[in-house]
Structures are given as C-alpha cells and as structure tokens.
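Here are the chains, one letter per residue:
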Amino acid sequence: MRQAGASPILSVKNLRTAFVTSGGRVDAVRGVSFDLYRGEVLGIVGESGSGKTVMSTSILRLLPSNGLIVGGEIAFDGIDLAKAGTRALRKIRGNRISMIFQDPMSSLNPLVPIGAQIEEMIIEHRKELSMAEVRAEALRLLGLVRIPEPESRYRAYPHEFSGGMRQRVMIAIAIACGPDVVIADEPTTALDVTIQEQILMLLRSLRDELDMSVIFITHDLGVVAEICTRVIVMYGGRIMEEASADDIFDSPAHPYTAGLLASVPNMVLDKALSLSSIPGSPPDMTRPPDGCPFAPRCGHAMNICQAGMPPMYSAGESRFSACWLLAPEAPTGGNSFRDGLRHG
Ligand SMILES: Nc1ncnc2c1ncn2[C@@H]1O[C@H](COP(=O)(O)OP(=O)(O)O)[C@@H](O)[C@H]1O
Ligand code: SF4
Ligand SMILES: [Mg+2]
C-alpha cells in the first residue's frame, strides 16, 4: 500500500527500450515512468503489443539480444538497473526481484524434478544453508504455494503437473529467496477460469504473508479488479493513465481506459456495462505516431491529438491521464467525456 511520505522500492523514470530488426527500429517502450511501493500490487494493463512485456523484461535486463534500453533510469536500492553490470544484476535477479511468466513450461526444465529446480534457486542465492536446510526450504515453499503432499510431489517432473500446479511451482521459485519485488507477466492468461481464480488468490495471500510488492501484468481489466491496488494503463509504448484500481473502474480518466473497460464482461465488475471491443488495432511500433497513439481509434480525437503526445495531466488525487481533453486550455462544454471528468 502507498503510505504518505514512503519512498518507492522501485522507481522507473522515462524508460525507453527499442529493438533492431530487419524491418527497422521498433520503439517498444517510449518514456515510461512509475513508482512501486512496498506491499502494493501494481497492475500494468493494456492490449497485446502495448509494451508491457518489454517494459517488465527491461527492469531485469532480460531483453532478447536485439533489444536495448536506449534511455531512462530504473532505480532499485541505490542501483540503476538500466546501467548495472552483469554481476550486480545476477545478485538481484531471482533473489530481490523475480519474474513469473505466462508459460511455466518454457521456464521449467522438463528433465529436472521440480524439487531440485526450486533448490537450484535457493542454492544460488542462499549459500549459508546446508543441503538438509535447502531441502527443508524447498518443501516449505511447496507447502506455501499450496501444493498438496509436498514430500511426494517434490520428486515429480514438470510434465506430471497440471498447468495450474506448474504455475504454483514457478511461484515457489519466484518467492524462494524472499524477493522485494515479484513481476508477474500474464501469469494466469494460459489457465482456465477456475484455476486462474486460485492462482490470483494464492498471489494475493502471498503478498500479505510475505510483504512483497507485485507488478501484475495483464491484458485483462477483469483480472486487475481482483488483485491490484493501483493500475497503470499502457498503450503504444506509453502510459495512458495511472490511478487507483477503484478510480479506474468507477470513472476512467482516459478514453483508452474507457474502451478497455467497456470490453470487460459485466459479471466481473458487477456493473451494467455492455460488452464491446475497441474498433481498430494498435499502432505499428516501427513507425510510432508523434501524437497520441490512441488517436486513430479515439472517438474524442481533436486536431492537436495527431500533432503531439499529451503530457500527463492530473485527473484528481493520485491519478493522471495523458489525454489532451484534460489540458486546462482545452475548450469546455460539448464533450461528454471531458465534462464528466471535470465535474465528476
Ligand atoms: N524481440 C523483438 N523484436 C522486435 N520487436 C519486438 C520484440 N519483442 C517485442 N517487440 C515489439 O515490441 C512491442 C511491444 O511488445 P510487448 O512488450 O511484447 O507487448 P505486450 O506485452 O504488451 O503484449 C510490439 O510492437 C512487439 O512487436
Ligand atoms: S489525446 Fe486525443 S486522441 Fe488521445 S485519448 Fe485524448 S482525446 Fe483521444
Ligand atoms: Mg506481453
């Protein structure tokens, strides 16, 4: 939770990440800034291709070989991760900041029993432990992620587990060293709804039990409603809106957020919303637009929207929106979305 005056545990400032491809340069993340506070679950939401994965893999410098951080800062415990050397990064990865991915099968080694894979992480970062202690710790972690009968499941191979159970193993590996920050990139997207629900519940209770901060990445605002305290909405490699989860659902302050919200099935939010997806498709990041990336799909677009990217405007207490409708000099009256923001 964000406490007044508390300093962030992780602070990303103006992060820019690009790829070199045969088709030219891809500007995937274009000046993203946010703070993460202790104990909070910060949601990063946006359609596929918004730059969520590139942003999060930039934090631990786990980018593919054609990717490069071209600007900005990632402050964590007095270190700038954007510029840190390999040794410093190795000490932080998995230990102080860890990641959970969508597909546990691609991260787990199919030839190694799951107990041994959890132990590998413990051995790498907690050299003071004896082998017996490492084993006990692995069993404790299996219990912590609610895997039944840890003693017998310890020797099982990944293929003997269901998708949900494999994701629990990945979570056990991610929390093995008591990290300060866990980055979960669409951890429930590949799972069916009931299992997704169980994994969200597990992450929520681990956040409370272990006092860690979570960056929870998803394309699904419905999932955000269940787990996040604060939300950042990304589109076209930029942040469109930042607000508390409650504010996002009560009254989105950006037309893109409003569009995402309209596509969430109403039983999730228990609100009378009609289901519709936003017409059009995300921008081509080899030729990123100068102006608001959402302009070609936005029903409120004005001339200025194509010309320049709007700055982050304050849209109330602890909430910000990058939309020209919030500019103080924007004409008043006649726009229902803006009038709702100004008077609501
Ligand atoms: N290895 C890569 N090479 C070139 N472009 C990439 C690479 N990985 C991602 N991108 C591009 O970066 C943009 C953001 O992708 P990504 O972060 O994966 O989106 P999200 O996670 O929000 O779905 C997309 O336009 C995608 O095509
Ligand atoms: S800046 Fe313009 S195009 Fe972008 S969301 Fe706001 S009104 Fe729509
Ligand atoms: Mg992704």
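Residues numbered from 1 in each chain as written. Chains lettered and ligands numbered in written order. Predicted model: local features only at pLDDT ≥ 70, side-chain atom pairs only at ≥ 80, totals over all residues. Heavy atoms only, no water.

**A closer look at the overall build of the chain**
Our working definition: Only runs of H or I of at least four residues qualify as helices and only runs of E of at least two qualify as strands under DSSP, and these elements are numbered from the N terminus. Every radius of gyration here is taken over C-alpha atoms, with the globule rule written as 2.2 Å times N^0.38, N being the number of residues. Exposed residues in this analysis have more than 50% of their type's maximum accessible area, buried residues have under 20%, and partly exposed residues fall in between, with area computed by a 1.4 Å probe over protein chains only. Accessible areas in this description were obtained via Shrake-Rupley with a 1.4 Å probe; residue shielding takes into account the shown protein chains only. Working convention for charge: Lys and Arg count positive, Asp and Glu count negative, and His plus the chain ends are omitted. Note that the charge is assigned to NZ on lysines, CZ on arginines, CG on aspartates and CD on glutamates.
A count of helical and extended segments in the chain gives 14 helices and 12 strands. For the chain, the C-alpha radius of gyration of 21 Å lies close to 20 Å, the compact-globule estimate for 344 residues. Residue burial in the chain is summarised as follows: out of 344 residues, 52% are buried. Counting only carbon and sulfur atoms, one obtains 53% of the accessible surface of the chain, whose full area is about 15,500 Å². Charged side chains of the chain number 33 positive and 38 negative; the gap between the two group centres comes to 5 Å.

**Some points on the site of ligand 2**
Spelled out, the test is: A cutoff of 4 Å decides nearness: a residue is near a molecule or strand if any of its heavy atoms lies inside that distance of it. A 1.4 Å probe that fits into a set of points on a 1 Å grid over the protein atoms alone but cannot get out defines a cavity; an open set with protein on both sides within 12 Å along at least five of seven lines defines a pocket, and lining residues are those with an atom within 4 Å of a point. Molecules are considered to sit inside a cavity or pocket once more than half of their atoms lie within 2 Å of its grid points. The nonpolar class holds Ala, Val, Leu, Ile, Met, Phe, Trp, Tyr, Cys and Pro. Asp, Glu, Lys and Arg form the charged class, and all remaining residues, Gly among them, are polar.
Lining the immediate environment of ligand 2, one finds His254, Pro255, Cys292, Ala295, Cys298, His300, Ala301, Cys305, Pro310, Cys323, Trp324 and Leu325. When atoms are counted within 2 Å of each cavity's grid points, the one that captures over half of ligand 2 is the largest cavity. When the residues that make up the shell around ligand 2 are grouped by side-chain class, the tally is 10 nonpolar, 2 polar and no charged.

**Notes on the layout of surface pockets**
A probe matching the size of a water molecule, rolled over the atoms, marks out where space remains unfilled. So the rule is basically this: Grid points are joined across faces, edges and corners, and a volume is the space filled by probe spheres set on the points.
Approximately 360 Å³ is the volume found for the largest pocket. What lines the largest pocket is a set of 16 residues, among which Leu62, Arg93, Gly94, Met99 and Met121 lie closest to the centre. For the lining of the largest pocket, the secondary structure elements donating two or more residues are β6 (97-100), α4 (114-125) and α7 (163-175). Here the residues of the lining of the largest pocket sort into 9 nonpolar, 4 polar and 3 charged. The computed volume of the second largest pocket comes to approximately 220 Å³. Lining the second largest pocket are 13 residues, and of these Gly31, Ser33, Ile239, Pro311 and Met312 sit closest to its centre. For the lining of the second largest pocket, the secondary structure elements donating two or more residues are β2 (24-36) and β10 (238-244). Examining the composition of the lining of the second largest pocket, we find that 5 residues originate from one element, β2, more than from any other. Partitioning the lining of the second largest pocket into residue classes produces 7 nonpolar, 2 polar and 4 charged.

**Some remarks on the pattern of salt bridges**
Quick note on the threshold: Salt bridge, as applied in this entry: a Lys or Arg side-chain nitrogen positioned within 4 Å of an Asp or Glu carboxyl oxygen.
The final tally for this structure, using the stated rule, is 16 salt bridges. Across the pair Glu40 and Arg230 runs a salt bridge whose closest N-O atoms are separated by 2.7 Å. Placement of Glu40 in the loop between β2 and β3 (41-45) and of Arg230 in strand β9 (residues 230-235) is noted, with a sequence separation of 190 residues between them. Note on Glu40: relative accessible area 2%, which makes it buried. Two residues, Arg146 and Glu209, come together in a salt bridge whose shortest N-O distance is 3.0 Å. Of this pair, Arg146 sits in the loop between α5 (131-144) and α6 (150-153) while Glu209 sits in helix α8 (residues 193-210), and the two are 63 residues apart along the sequence. Given the relative accessible area of 37%, Arg146 is considered partly exposed. One network of salt bridges, with partners in common, ties together Arg38, Asp77, Arg96, Asp180 and Asp211.

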